[in-house]
Amino acid sequence: MSSRAVQLVDVKETASGTALVVSEEGEQFLNSFTRPLAVVVIAGPYRTGKSFLSNQLLGAKNAFTVGHTTTACTRGIWASQCVETVTFGDGSEGDVLVLDTEGLGATDKTSHYDDNIFMLAALLASTMIYNSQGAIDEKSIQKLTFIGKMRDVLKRSQEAAEGSENEDDESDDEGSGGGSKVNEAAIFPAFIWTLRDFSLKLVQEDGQSPMSSDQYMEKQLQDQKGFDMSTQRRNAICQSLRRYFTQRRCFTFCRPADSEEALQSLSTQSESDLRPAFLSQVAHFKKEFWRQLKPKRSFGGRILTGPGFYQIIVQYVQAINAGGVPVVGDAWTAALEAQAKSARKAALASHEAAMHQLAARLPLDEQELQGELQKAHNDALKLYNTRCRGTREEIRLQGAAGLTTDLVAATRQVEEDNRDASMTSCKELLFELMDASNTLLSSAADAPSESEADAVREIPTLWSAWDSCVAEYEGQARGPARDKVLLEHGLRRLRDANSAAAERAAAAIQSTTDALEVQAHETAALERRKAELTEQHEASVAARRELDERLRAAESKVASTDMELAAKQDEIGRLERAGKSAQVSCAAIVVC
């Protein structure tokens, strides 16, 4: 189709015939729309320029593929990714989704298949643009056989609503019944008939007064006289169209270009290549279209969003594939329930992703964790409520209650994981800090102190290291286990280290005391020995003093003796000299 279009409904050939299939890509695409949604469906016979009209409406050249052969380009139902934002009449903003359908009357499709595609398109639309070529004639009216299918839908829906009302007569629950009055606006959209390559001059019967395109359509939809089968079938279609499609407009367009070459490649033509009259008609059509646009509403009159729209497609397709026509009330109820279920699933997935991201950041302090958990909880509920926009209140509340239970369970698991992560990381941090302290806090600090003085200093050193560890630990530790780890594991090691240090200090003190006692005994013995030596010294000094006195006396006596001896020697000398003198005298005498 186009890189700018997403297929919502595909067609598959099965053994039992043709079946419609809702695409997964369509689910992802539609679930992204959380604001009120206006659904514009462009339908009509194939090769009448539906895709080109869609592109003109969106102001894009390639929102949908435009073909120029006899082969239909569109298969199933496609949605343009060129989504417009619009402000509705009530002032609310929403998105406009333009759908292009498979052309009716293709040679390889049956009328039954065409009716099903057209019925599905009409049920999905808040505004339906029926595009055909030329004037409104018998042939173009006869192509609207899908309206018979729409009558069946209304009839089945009314019967189901009346049956539901009878079952709920005794119930006061406003959301359980729905009443016998079927909201036809939920079944029949606003109807716009666009007439391409229209060449008639619109004038009144007088041939002069101008006739509007709306007046022309209304005139052509009036009953014709006749009782033949063709006329009766034609009148039945017109009556149903007038009755059920109460909001009707008609717009005519002249031939877009003059040359056949340009007509065969309209999507590539610039505005200068198109006829000014055609461009003027397109501008008028777009102005009126956007002015009257309204959001798609559910069976209960609630505004529809993307997730709910996807679910209603699923319900309608299932009913059509089953060979019947959708019961609108039942389909909407099932769709709203499925929408709530899908919204719950999406909210849980979003919450799970948030929890996964949060788990990578664990551990966190309790206040920070609770803030993150509350934010994720609120975001999930907000996403759920956004996706449930348009659902009945009881369905939304029931799903919200289940979602809250799931979120609480997930929250508790994250809280438990945070406690475990906090316990592990806090223990690792504390033990790392204590081991790095190089004190008795370290698990490897088992060696005795090198000296007794070191052992005595270990306790103040230990407490100083503990204070440093605690300060650094409190600055880095995270999570609810921070205080518990510090009290249970830190204080336990501090107590053990303090006890070991105290024991070592006590042992060092005892050793010092014992050494002092030994030293005291040795000192006392030395004092006694000193006293003995002092006494001996004093006795020696006294004896020496006495000896000195005796020596001095002896020396004095020796000196006196020496003097006497000297005197005697002198006397002896004198006597010797006298003797010699006498000898000489004697000799002399002798001689004489």
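All values reported here derive from a predicted model rather than from experimental measurement. Every residue gets a number counted from 1 within its own chain, in the order that chain's sequence is written. Totals for whole chains, interfaces and linings use all residues, but because this is a predicted model, local features are given only for residues with pLDDT of at least 70 and pairs of side-chain atoms are given and counted only at 80 or more. Excluding hydrogens and water, the side-chain figures rest on all heavy atoms present in the structure.

## Here we look at the overall build of the protein chain
Item 1. Numbering of helices and strands runs from the N terminus, with a helix taken as a DSSP run of H or I at least four residues long and a strand as a DSSP run of E at least two residues long. Helix and strand counts for the protein chain come out as 15 helices and 9 strands.
Item 2. Only protein chains enter the calculation, and the probe is 1.4 Å; a residue is then buried if its accessible area is under 20% of its type maximum, exposed if over 50%, and partly exposed in between. In the protein chain, which comprises 592 residues, the proportion classed as buried is 41%.
Item 3. In the protein chain, the proportion of contacts linking residues at least 24 apart, taken out of those at least 6 apart, comes to 74%.
Item 4. Accessible areas in this description were obtained via Shrake-Rupley with a 1.4 Å probe; residue shielding takes into account the shown protein chains only. Per element, the accessible surface of the protein chain, about 31800 Å² overall, is 50% carbon and sulfur. Note on contacts: a residue pair qualifies if any of its non-hydrogen atoms lie within 4.5 Å across the two residues.

## A closer look at helix α2 (residues 50–58)
Since the α-helix advances by 3.6 residues per turn, residues separated by three or four positions end up pointing in the same direction.
Item 1. With 9 of 9 residues buried, α2 lies mostly within the body of the structure.
Item 2. Lys50, Ser51, Phe52, Leu53, Ser54, Asn55, Gln56, Leu57 and Leu58 are the residues of α2 that are buried.

## Some remarks on the pattern of salt bridges
Item 1. We count a salt bridge whenever a side-chain nitrogen from Lys or Arg sits within 4 Å of a carboxyl oxygen from Asp or Glu. Counted according to the given criterion, the structure contains 17 salt bridges.
Item 2. The partner of Arg242 in a salt bridge is Asp223, and the shortest N-O contact between them spans 3.3 Å. In this pair, Arg242 sits in helix α7 (residues 229–244) while Asp223 sits in the loop between α6 (213–220) and α7, placing the two residues 19 residues apart along the sequence.
Item 3. Overall, the relative accessible area of 39% leaves Asp223 in the partly exposed class.
Item 4. Residues joined by salt bridges that share partners form a network here, namely Asp214, Arg249, Glu288 and Arg291.

## As for the packing of aromatic side chains
To describe a pair of aromatic rings, one takes the distance between the centres and the angle between the planes.
Item 1. Stacked, edge-to-face and tilted labels apply to pairs of Phe, Tyr and Trp rings (six-membered ring for Trp) whose centres lie within 6.5 Å, assigned for plane angles under 30 degrees, over 60, and everything in between, in that order. Under the counting rule described, the total for this entry stands at 14 aromatic pairs.
Item 2. Plain terms: the ring middles of Phe29 and Phe33 are 5.1 Å apart, the flat faces sit at 85 degrees to each other, and that makes the pair edge-to-face.
Item 3. Seen in terms of ring centroids, Phe191 and Phe245 are 5.3 Å apart; in terms of plane orientation they differ by 55 degrees. Their pairing is tilted. One end of the pair, Phe191, is in strand β8 (residues 190–196); the other, Phe245, is in the loop between α7 and β9 (248–252), with 54 residues separating them in the sequence.
Item 4. Judged by its relative accessible area of 1%, Phe191 falls in the buried class.
Item 5. Grouped by ring-pair contacts, the aromatic residues Phe118, Tyr130, Phe188, Phe191, Trp193, Tyr244 and Phe245 constitute a single cluster.

## Considering the pairing of strand β4 (residues 77–80)
Item 1. Side chains of β4 alternate between two faces, with Ile77 and Ala79 and Trp78 and Ser80 buried alike.
Item 2. Whether two strands pair depends on DSSP finding at least two bridges between them. As paired elements, strand β1 (residues 5–14) and β4 share 4 bridges and run antiparallel to each other. Bridge assignment links Gln7 to a residue of β4, and that residue is Trp78.
Item 3. In this structure, β4 lies alongside strand β6 (residues 93–101), joined through 3 bridges in antiparallel fashion. Bridging across to β6, Ile77 finds its partner in Thr101.

## Some details on unusual backbone geometry
Item 1. With an omega of 5 degrees, the peptide bond between Leu362 and Pro363 qualifies as cis.
Item 2. For Pro363, the location among the structural elements is in the loop between α11 (328–359) and α12 (366–387).
Item 3. Despite not being glycine, Asp197 shows a phi value in the positive range, around 55 degrees.
Item 4. Along the chain, Asp197 turns up in the loop between β8 and α6.

## A closer look at the side chain of Thr231
Item 1. If you trace the backbone, Thr231 turns up in helix α7.
Item 2. The exposure class of Thr231 is buried, given its relative accessible area of 11%.
Item 3. When near neighbours in sequence (up to four residues on either side) are disregarded, Thr231 contacts Gln224, Lys225 and Gly226.

## Quick word on the confidence of the model for the protein chain
Item 1. Of the residues in the protein chain, 84% have a pLDDT of 70 or more, and the chain-wide mean is 80.
Item 2. The low-confidence segment residues 66–72 (pLDDT under 50) makes 15 contacts with residues lying over four places distant or belonging to another chain.
Item 3. Ignoring residues within four places in sequence, the model shows residues 168–180, a span with pLDDT below 50, making 13 contacts including any to other chains. How sure the predictor is of each residue is captured by pLDDT, a score from 0 to 100.

## Re the pairing of strand β5 (residues 84–87)
Item 1. In this sheet, β6 lies alongside β5 in antiparallel orientation, the contact comprising 4 bridges. Across the sheet, the residue bridging to Thr85 is Asp95, located in β6.
Item 2. In this antiparallel pair of consecutive strands, β5 and β6, the connection spans 5 residues, and Gly91 shows a positive phi of 95 degrees.

## Here's the deal with helix α9 (residues 276–292)
Item 1. With 17 residues, α9 ought to run about 24 Å at 1.5 Å a step, and its terminal C-alpha atoms sit 25 Å apart, in line with that.
Item 2. Buried within α9 are the following residues: Phe278, Val282, Phe285, Glu288 and Phe289. Buried residues of α9 fall within an arc of 135 degrees about the axis and therefore sit on the same side. With respect to the buried face of α9, the exposed residues turned more than 90 degrees away are Pro276, Lys287 and Arg291.
Item 3. Taken together, the buried residues of α9 touch β3 (37–43), α2, β7 (127–133), β8 and β9. Here the expected length of a helix is defined as 1.5 Å per residue gap, with one fewer gap than residues. Note that the arc is defined by the directions from the helix axis to the C-beta atoms.

## Here's the deal with the nonpolar core
The nonpolar side chains of a soluble globular protein tend to be buried with one another.
Item 1. Counting residues in hydrophobic clusters, the biggest one holds 65 residues, and the most contacted among them are Trp193 and Phe309.
Item 2. If one sorts the elements of this core by residue count, helix α3 (residues 111–124) sits on top with 9 residues.
Item 3. Contact partners of Trp193, with chain neighbours within four places excluded, come to Tyr130, Ser132, Ile136, Ser140, Ile141, Leu144, Met217, Leu221, Leu241, Arg249, Cys250 and Phe251.
Item 4. Within the second largest apolar cluster, 26 residues are counted, among which are Leu53, Cys82, Ile192 and Leu274. Joining through side-chain atoms within 4.5 Å is the link that ties buried Ala, Val, Leu, Ile, Met, Phe, Trp, Tyr and Cys residues into a set, and such a set is a nonpolar core.

## With respect to the packing of α12 against helix α13 (residues 393–435)
Item 1. A fitted line through C-alpha atoms represents every axis, and for helices the fit uses only the stretch in contact; the resulting angles, taken between N-to-C directions, go from 0 to 180 degrees. Remark: α12 packs on α13, axes separated minimally by 10 Å, with the N-to-C direction vectors making an angle of 155 degrees. Judged by the inter-axis angle, α12 sits roughly antiparallel to α13. Seen from above, α12 lies across α13 with right-handed handedness. Two secondary-structure elements touch here, α12 through Glu366, Leu369, Gln370, Leu373, His377, Ala380, Leu381, Tyr384 and Asn385 and α13 through Ile395, Arg396, Gly399, Ala400, Leu403, Thr404, Leu407, Thr411, Val414, Glu415 and Asn418.
Item 2. Residue classes follow a fixed rule: Ala, Val, Leu, Ile, Met, Phe, Trp, Tyr, Cys and Pro count as nonpolar, while Asp, Glu, Lys and Arg count as charged, and any other residue, Gly among them, counts as polar. Considering only residue class, the contact of α12 with α13 consists of 10 nonpolar, 7 polar and 3 charged. Comment on the angle field: the value is read as roughly parallel under 35 degrees, roughly antiparallel over 145, roughly perpendicular from 65 to 115, and oblique elsewhere. We call a crossing left-handed when the near helix sits turned anticlockwise from the far one by less than a right angle, and right-handed when that turn is clockwise.

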